[in-house]
Amino acid sequence: MSLVRRAVPEDAGELLRLRQVMIDSMSGTGGSTLWHTESLSTLRRRLAEPDGGFAAFVVDHPRRPGALAALVAGTVEYRIGRAGNPHGAVGHVFSVATDPDARLRGYARAGMEALLDWFRGRGVPQVDLNASAEAEPLYASLGFVRKPDPSMRLELRGA
């Protein structure tokens, strides 16, 4: 029996909790969770679409029934093709989180391996992610390499 399973709509609340763990660990503060209520129905709907471009893989918490120990989530995006990726499919990993009391047990690695298999099954030749310094050794051991990234962001109000 596998340690990792595909998340289902009933996991949505726990996925939001673990995403908040990740957000808080990156910002160093306890951020607002008010957005969880508004996000919950959208996340449940996306989890119910098994053939969509979104997937989340989870590990159940070994000591807390109904809780999750780890989350790994990603999407398949389309970009205009290029050499090496003529069909333009690009995977993006955007949430990797492990409950603080369940760390250093290989859960994030197992989840990442499941997500990478999911990307491979969809013919995705390239996967991108943003890595914290703490997580970089895990990603490097899976074959990820740093790249010069001139990323910028614009937050559209009212969207």
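Cut-offs and rules
Residues numbered from 1 in each chain as written. Predicted model: local features only at pLDDT ≥ 70, side-chain atom pairs only at ≥ 80, totals over all residues. Heavy atoms only, no water. Pairing = 2+ DSSP bridges. Helix = DSSP H or I, 4+ residues; strand = E, 2+ residues; numbered from the N terminus. Contact = heavy atoms within 4.5 Å. Axes fitted to C-alpha atoms, helices over the stretch in contact; angles between N-to-C directions. Polar contact = N/O pair within 3.5 Å; in protein donor to acceptor, adjacent residues only side chain to side chain.

**Some details on the sheet that holds strand 4 (residues 89-98)**
Then comes step 1: Judged by pairing direction, the sheet is mixed, and its five strands sit side by side in the order 1-2-3-4-5 without closing on themselves. This sheet does not close on itself; its edge strands, each paired only once, are strand 1 (5-6) and strand 5 (127-129).
Then comes step 2: Two elements, strand 3 (residues 68-78) and strand 4, share nine bridges in a ladder whose sense is antiparallel. Residue pairing across strands places Val76 opposite Gly91, the latter belonging to strand 4.
Then comes step 3: Contacting strand 1, strand 2 (54-60), strand 3, strand 4 and strand 5, helix 3 (residues 107-121) crosses the sheet at an angle of about 25° to strand 3.

**Side note on the side chain of His61**
Then comes step 1: Topologically, His61 is positioned in the loop between strand 2 and strand 3.
Then comes step 2: Polar side-chain contacts of His61 include one of 3.1 Å to the backbone nitrogen of Arg63.
Then comes step 3: Beyond its immediate stretch of four places on either side in the chain, His61 contacts Ala67, Leu68, Ala69, Asp99, Asp101 and Ala102.

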